[in-house]
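# Structure at a glance
This is what each chain is made of:
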Amino acid sequence: MTDIKPSRLNNRVTAWFGIVFSRFLRISIAGKLLLSYFSLLLLLIAIATYAFINLNKLNQLNSSILSVNVPVIKATETLIELILSQEQYARRNIILKDPDVLTIFWEKDKEVHRLVNKIIDSNLGQRQDIDRFNVLHQEYNTLLTSALPDAAGQPSQKTDAVIKEIKDVQQKLITLTKIFSVKARRDLERKTDTSSKIGLRALKSSAVLFSLGFCLSIILTVVIARNIVGAIKKLNKATEMLSLGKYDDLPRIPNRDELGELSKAFDRMSQRLKELEKQNLHTSALTGLLGGVAIEQELVSRINAGNQIAFCMIDIDNFKSYNDRYGYAKGNRLIKKTAEILKSAVSEFGRKDDFVGHIGGDDFVIVTRPENYEKIAEAIISLFDKVIPEFYSTRDHARGCIRSANRQGTVVDHPLASVSIAIVTNRQRSIDSYVEFGEIAAELKDYAKSFTGSTFVVDRRKDDRPKLVVDNVIKPKRMRRNVSSA
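## With respect to the pairing of strand S7 (residues 455-459)
Of all 5 residues in S7, 5 are buried; the element is thus mostly enclosed. By the bridge criterion, 4 bridges tie strand S6 (residues 418-425) to S7 in an arrangement that is parallel. Within the sheet, the bridge partner assigned to Ile423 lies in S7 and is Val458.

## Re unusual backbone geometry
Backbone geometry follows two general trends: most residues other than glycine have a negative phi, and most peptide bonds adopt the trans configuration. In the Ramachandran plot, Asn318 falls in the positive-phi region, its phi being about 60° despite a non-glycine side chain. With respect to the helices and strands, Asn318 occurs in the loop between strand S1 (310-317) and helix H8 (319-326).

## Here we look at the nonpolar core
In terms of nonpolar packing, the biggest core is built from 36 residues, with Leu334, Ile366 and Ile421 touching the most fellow members. Looking at this core, the elements that each hand over two or more residues are S1, H8, helix H9 (328-349), strand S3 (363-368), helix H10 (373-387), S6 and S7. The element best represented in this core is H10, accounting for 8 residues. When near neighbours in sequence (up to four residues on either side) are disregarded, Leu334 contacts Ile316, Phe319, Tyr322, Phe384, Ile388, Phe391 and Ala417. Counting residues in hydrophobic clusters, the runner-up holds 28 residues, among them Val72, Ala75, Ile130 and Phe180.

## A closer look at helix H3 (residues 99-122)
In this model H3 runs 35 Å from its N-terminal to its C-terminal C-alpha over 24 residues, within 8% of the 34 Å that 1.5 Å per residue would give. Turning to H3, its buried residues number three or more, namely Val101, Phe105, Asp109, Val112, Leu115, Val116, Ile119 and Ser122. Capping of H3 at its N-terminal end is provided by Asp98; its side-chain oxygen lies 3.0 Å from the backbone amide nitrogen of Asp100.

## Focus on the pattern of salt bridges
The final tally for this structure, using the stated rule, is 25 salt bridges. Arg185 is paired through a salt bridge with Glu77; the nearest N and O atoms lie 3.3 Å apart. On the criterion of sequence distance, the pair formed by Arg185 in helix H5 (residues 156-243) and Glu77 in helix H2 (residues 29-96) is long-range, its members being 108 residues apart. Among the charged side chains, a network of salt bridges with common partners joins Arg429, Glu443, Asp459 and Arg461.

## Focus: the packing of H8 against H9
Packed helices, taken two at a time, are described by the angle between their axes plus the distance between the axes. Relative orientation of the contacting elements H8 and H9 amounts to 140°, with a least axis distance of 7 Å. When the axis of H8 is compared with that of H9, the two are oblique. Every residue of H9 that contacts H8 at Phe319, Tyr322, Asn323 and Tyr326 is listed here: Tyr328, Lys330, Gly331, Leu334 and Ile335. Tallied by class, residues from the contact of H8 with H9 come to 6 nonpolar, 2 polar and 1 charged.

## Let's talk about helix H7 (residues 293-304)
Because an α-helix packs 3.6 residues into every turn, residues spaced three or four apart end up facing the same way. For H7, which comprises 12 residues, the first-to-last C-alpha distance of 16 Å matches the rise-based estimate of 16 Å (1.5 Å per residue) to within 8%. Where the residues of H7 are buried, they touch S1, strand S2 (355-360), S3 and helix H12 (434-448). Directly after H7, the chain includes Gly306, whose backbone phi takes a positive value near 75°.

## Description of the packing of aromatic side chains
Evaluated as defined, the whole model comprises 7 aromatic pairs. Pairing Phe311 with Phe437 gives two aromatic rings, centres 6.0 Å apart and planes at 55°, and the pair type is tilted. Remark: Phe437 occurs in helix H12 and Phe311 occurs in strand S1; sequence separation between them is 126 residues. Taken as a pair, Phe311 and Phe437 share a single burial class, namely buried. Seen from their ring centres, Tyr322 and Tyr392 are 5.1 Å apart, and the 70° between their planes marks the pair as edge-to-face.

## Focus: a nonpolar patch on the surface
Together, Phe38, Leu41, Leu42 and Ile45 make up an exposed nonpolar region whose accessible area comes to about 360 Å². By the secondary structure assignment, Phe38 is in helix H2. For Phe38, a relative accessible area of 44% gives the class partly exposed.

## Some words on the pairing of S2
Inspection of the sheet shows S2 paired to S3 by 5 bridges, in the antiparallel sense. In the sheet register, Val356 faces S3, and the bridge partner there is Ile366.

## Considering the side chain of Thr287
For Thr287, the location among the structural elements is in the loop between helix H6 (258-281) and H7. Polar contacts involving the side chain of Thr287 include one to the main-chain amide nitrogen of Leu289, which spans 3.3 Å. Thr287 has contacts with Ile335, Lys336, Ala339, Lys343, His358 and Phe364, leaving out every residue within four places of it along the chain.

Rules used in this analysis
Residues numbered from 1 in each chain as written. Predicted model: local features only at pLDDT ≥ 70, side-chain atom pairs only at ≥ 80, totals over all residues. Heavy atoms only, no water. Buried < 20%, exposed > 50% of the residue type's maximum accessible area, 1.4 Å probe, protein only. Helix = DSSP H or I, 4+ residues; strand = E, 2+ residues; numbered from the N terminus. Pairing = 2+ DSSP bridges. Core = buried A, V, L, I, M, F, W, Y, C linked by side-chain atoms within 4.5 Å. Contact = heavy atoms within 4.5 Å. Expected span 1.5 Å × (residues − 1). Polar contact = N/O pair within 3.5 Å; in protein donor to acceptor, adjacent residues only side chain to side chain. Salt bridge = Lys/Arg side-chain N within 4 Å of Asp/Glu carboxyl O. Axes fitted to C-alpha atoms, helices over the stretch in contact; angles between N-to-C directions. Parallel < 35°, antiparallel > 145°, perpendicular 65-115°, else oblique. Nonpolar A, V, L, I, M, F, W, Y, C, P; charged D, E, K, R; others polar. Phe/Tyr/Trp six-rings, centres within 6.5 Å; stacked < 30°, edge-to-face > 60°. Patch = residues over 30% accessible without salt bridge, like charges linked within 9 Å, V, L, I, M, F, W, Y side chains within 5 Å. Areas by Shrake-Rupley, 256 points an atom, 1.4 Å probe, with all protein chains shown as cover.

See below:
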């Protein structure tokens, strides 16, 4: 049993810590910074509150000292003076017989009562002592005003007895007054000691609170800083890996804040860059069009999806003779212009998901839907025939061909460049391989190149009748050839 309980406690602590850490990771960066500032704010509030409470206690003690103890101590000192002065004024009255002196005597009496009431209000004197003081003071007044002998005198023995009695009462009054003073001073010392202890305790407690809060704030700040800086370092590492072409196994950031979202964006970006890099490996530097593997992937993807496909293979006729006559630079211009024409035709008459590719040299590919290929092909031929004169000299264009001598010295005429388009669809027969699309298109392209001028040829054969024949030959401005069943 002793082994199970600590284990359960550790598991609970671990689970609790995991929950807290998980929630911490979900907090945004601004929230984490605010959490750090909030902890410091709580520390300041706690210290300020504690200090305020203790300062309030100190203020109450000091107010009590100033409003109770000090006045009572002064009152006791004044009481003794009044008691002694009453005797003096009583003696003067006996000698001078002056009513004003007697008036002053009774004013002193009133002052004594006022100070006694102040002691009563302070609660520093016991009630029995106050009552005793009042009784003695009444007796003292009587002795001073009635029993004190005048100048004519009484027998000396009686005079001495009265004076001794007055002195005894006077001494008792002074003794009680000193008792009040002692109690007031002791209470003052107690309050002063309490005030000192409160101040010392407040100082120590504030120091402890500040130390604990400061340490907790430092720990929290370090945790937040390490979390943010660690995530930034991982993102920096991920950036370096991406710059080196390493798109897999990027550093993971468990945060669910802005940096976590940025990490996810990095992952998505890395996968996209990976795909783009694969595509760029098969992208023509001249035309910017995809070719090779990308064309195969496009066809395979559409075949697997069961889509209807129109595969168009485009070739520039008589391009070699043009390249030989005008050089590779102008030949490259013609290829780039042809790529622009293809993209323009697909953009106007095709769909957003149509594919334009560059196999290489003067061979291009378009993958579209069967219902779109005719308008696209007609647009390509129309645009190509319209711009091709710009690529020839005035003499060659007027002649309608390029005239040059071959190796044997024989003068040969080469026709102006045109475009041949071979179109294969899976509308009337099933084609299950991208290789089959390519083979049929190559066959049609050779057939299309047998005609003069720009033309496009469409494969209309069905699965049960594969023989090639020429049908529906139409030649207005552009040439169309349909390959159909016999």
